[in-house]
Amino acid sequence: MENLVSTHFVAIEEALQSAHEDIASVALVVGASAAYLGSPLQEVLDQLERTYAEHGALPAYDVVRAITVAWTEAAMIHHHEVSCEDPLTMLSTTAHLRARLGDLYRGAERDGIKVSEFHALVVVDLPLTSSPNQLSGSLTMLEAAEAMRTVYSGEETIAQVTPRRIVALVERARTDKATLGLLQILVRRLQAGDAEPRLWLEALPRHAVGIGWLLTELAR
């Protein structure tokens, strides 16, 4: 991996040798390239420091910021291209939920049935918290994901559509009062102060053209 990381910095080295080169702009390209090749951010930053050290200097703030932002954005895009799950919660992504819905609607059209008659979305919306601790919010989402999987432990697609909202694509038979009541009991422990998690059943559109609009609304 060291050789891979080092090759990204030829452009940085050349920019440092040139008095007219915009190093921050070069760092944007280097950061994105390193992310797509799988180089860890820490190794990228270490190599940036070593490259500057050879010139007796420390990396400028705008260069560090540029390479970090570019790496982060590229890594997120790459992750969503190659994975259908969030790496922390292991919940499906919104893109995967959309694809799963698309499969259902195509099959339903072929078989002459309505998806909305046999499937629905179960939505859990976690309460807002005043805590600035991002880790605390992530742990709450993990607990919510565990509760959802406890109730829907089969082939249901369970996705995180916002930092506070989980959606499960389930068969209508699994949206009975007893099942939803059990889920309500499990998520009630995630209460933040006086605010309780909200749980509701979201009907699916009659036609596939409505999928995009529905998911956009749920992602607000």
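Residues numbered from 1 in each chain as written. Predicted model: local features only at pLDDT ≥ 70, side-chain atom pairs only at ≥ 80, totals over all residues. Heavy atoms only, no water.

Looking at a negative patch on the surface
Rule in force here: The patch calculation keeps residues exceeding 30% relative accessible area without a salt bridge and links them within 9 Å when they carry like charges or within 5 Å when they are nonpolar (Val, Leu, Ile, Met, Phe, Trp, Tyr). Where accessible areas are quoted, they stem from the Shrake-Rupley method and a 1.4 Å probe; at the residue level, only the protein chains shown are allowed to cover. Each reported salt bridge corresponds to a side-chain nitrogen of Lys or Arg within 4 Å of a carboxyl oxygen of Asp or Glu. The sign given to each residue is positive for Lys and Arg and negative for Asp and Glu; His and the chain ends receive no count. Taken as the charge centre is NZ of Lys, CZ of Arg, CG of Asp or CD of Glu, depending on the residue. Helix numbering and strand numbering both begin at the N terminus, where a helix is a DSSP run of H or I of at least 4 residues and a strand a DSSP run of E of at least 2.
Taken together, the side chains of E14, E21, D22 and D62 define an acidic patch exposed on the protein surface. Secondary-structure assignment places D22 in the loop between helix 2 (10–17) and helix 3 (23–36).

So, the side chain of R165
In plain terms, the rule: Throughout this description, buried means an accessible area under 20% of the type-specific maximum (1.4 Å probe, protein chains only), exposed means over 50%, and partly exposed covers the range between. Polar contact is the term for a pair of N or O atoms within 3.5 Å; when the atoms are in protein, one must be able to donate a hydrogen and the other to accept it, and sequence-neighboring residues count only if both atoms are side-chain atoms. Two residues qualify as a contact provided that any one of their heavy atoms is within 4.5 Å of a heavy atom in the partner residue.
Within the secondary structure, R165 is located in strand 3 (residues 165–171). Residue classification places R165 among the buried positions, given a relative accessible area of 9%. Polar contacts involving the side chain of R165 include one to the side chain of D125, which spans 2.8 Å. Apart from the residues lying within four places of it in its own chain, the contact partners of R165 are V123, V124, D125, M141, A159, Q160, R198, W200, E217, L218 and R220.

Side note on the packing of helix 2 against helix 4 (residues 41–53)
Defined as follows: Whenever a helix is involved, its axis is fitted only over the stretch in contact; in every case the axis is a line through C-alpha atoms, and angles between N-to-C directions fall within 0 to 180 degrees. Angles below 35 degrees are treated as roughly parallel, those above 145 as roughly antiparallel, those between 65 and 115 as roughly perpendicular, and all remaining angles as oblique. Crossings are sorted by hand: turned counterclockwise from the far helix by less than a right angle, the near helix makes the crossing left-handed, and turned clockwise it makes it right-handed. In this count, Pro and Cys sit with the nonpolar residues alongside Ala, Val, Leu, Ile, Met, Phe, Trp and Tyr, while Asp, Glu, Lys and Arg are called charged and the others, Gly among them, polar.
Two elements in contact, helix 2 and helix 4, have axes separated by 10 Å at closest approach and are oriented at 30°. Judged by the inter-axis angle, helix 2 sits roughly parallel to helix 4. Read as a crossing pair, helix 2 and helix 4 show a hand that is right-handed. Facing I12, E13 and L16 of helix 2, the residues of helix 4 in contact are L48, T51 and Y52. A class-by-class count of the residues in the contact of helix 2 with helix 4 yields 4 nonpolar, 1 polar and 1 charged.

Comments concerning the pairing of strand 3
Spelled out, the test is: Being paired, for any two strands, means DSSP has found at least two bridges between them.
In terms of residue burial, strand 3 counts as a mostly covered element, since 6 of its 7 residues are buried. Here 7 bridges tie strand 1 (residues 119–125) to strand 3, and the two strands are oriented antiparallel to one another. Opposite L121, over in strand 3, you have L169 as the bridge partner. Where strand 2 (residues 157–162) and strand 3 come together, 5 bridges link them in antiparallel fashion. What sits directly across from T162, in strand 3, is R165.

A word on the packing of helix 6 (residues 94–111) against helix 10 (residues 211–218)
What describes two packed helices is the angle between their axes and the distance between those same axes. At a closest axis distance of 11 Å, the pairing of helix 6 and helix 10 adopts a crossing angle of 150°. In terms of orientation, helix 6 lies roughly antiparallel with respect to helix 10. Considering how the two elements wind past one another, helix 6 and helix 10 form a crossing that is right-handed. Here T94, L97, R98, L101, G102 and Y105 of helix 6 come into contact with helix 10, specifically with I211, G212 and L215. Split by residue class, the contact of helix 6 with helix 10 holds 5 nonpolar, 3 polar and 1 charged.

Some points on the environment of T51
Topologically, T51 is positioned in helix 4. For T51, a relative accessible area of 4% gives the class buried. Separated by 35 residues in sequence, T51 and L16 place their C-alpha atoms 9.0 Å apart. Contact partners of T51, with chain neighbours within four places excluded, come to F9, I12, E13 and L16. A distance of 2.8 Å separates a polar atom in the side chain of T51 from the backbone oxygen of Q47.

Comments concerning the sheet that holds strand 1
Ordered by their spatial adjacency, 4 strands build an open sheet running 2-3-1-4, and the pairing between neighbours is antiparallel. Every other strand in the sheet has two partners, leaving strand 2 and strand 4 (198–203) as the edge strands with one partner each. Each adjacent strand pair in this sheet contributes to an overall mean axis angle of 25°, direction not counted. Its contacts with the sheet place helix 10 against strand 1, strand 2, strand 3 and strand 4, and it is angled at close to 170° to strand 4.

Some details on the nonpolar core
Note the following rule: Nonpolar cores are built from buried Ala, Val, Leu, Ile, Met, Phe, Trp, Tyr and Cys residues. Side-chain atoms within 4.5 Å join them into one set.
Judged by nonpolar contacts, the single largest core of 20 residues is most densely connected at M148, Y152, I166 and L183. Counting only elements with at least two residues in this core, the list comes to strand 1, helix 8 (134–151), strand 3 and helix 9 (177–187). Sort the elements by how many residues they give to this core and helix 8 lands first, with 6 residues. Ignoring anything within four residues of it in the chain, the contact list for L183 reads V122, V124, A147, M148, V151, Y152 and L199. Core analysis: the next-biggest nonpolar cluster, separate from the first, contains 18 residues, I12, A24, V30 and A66 among them.

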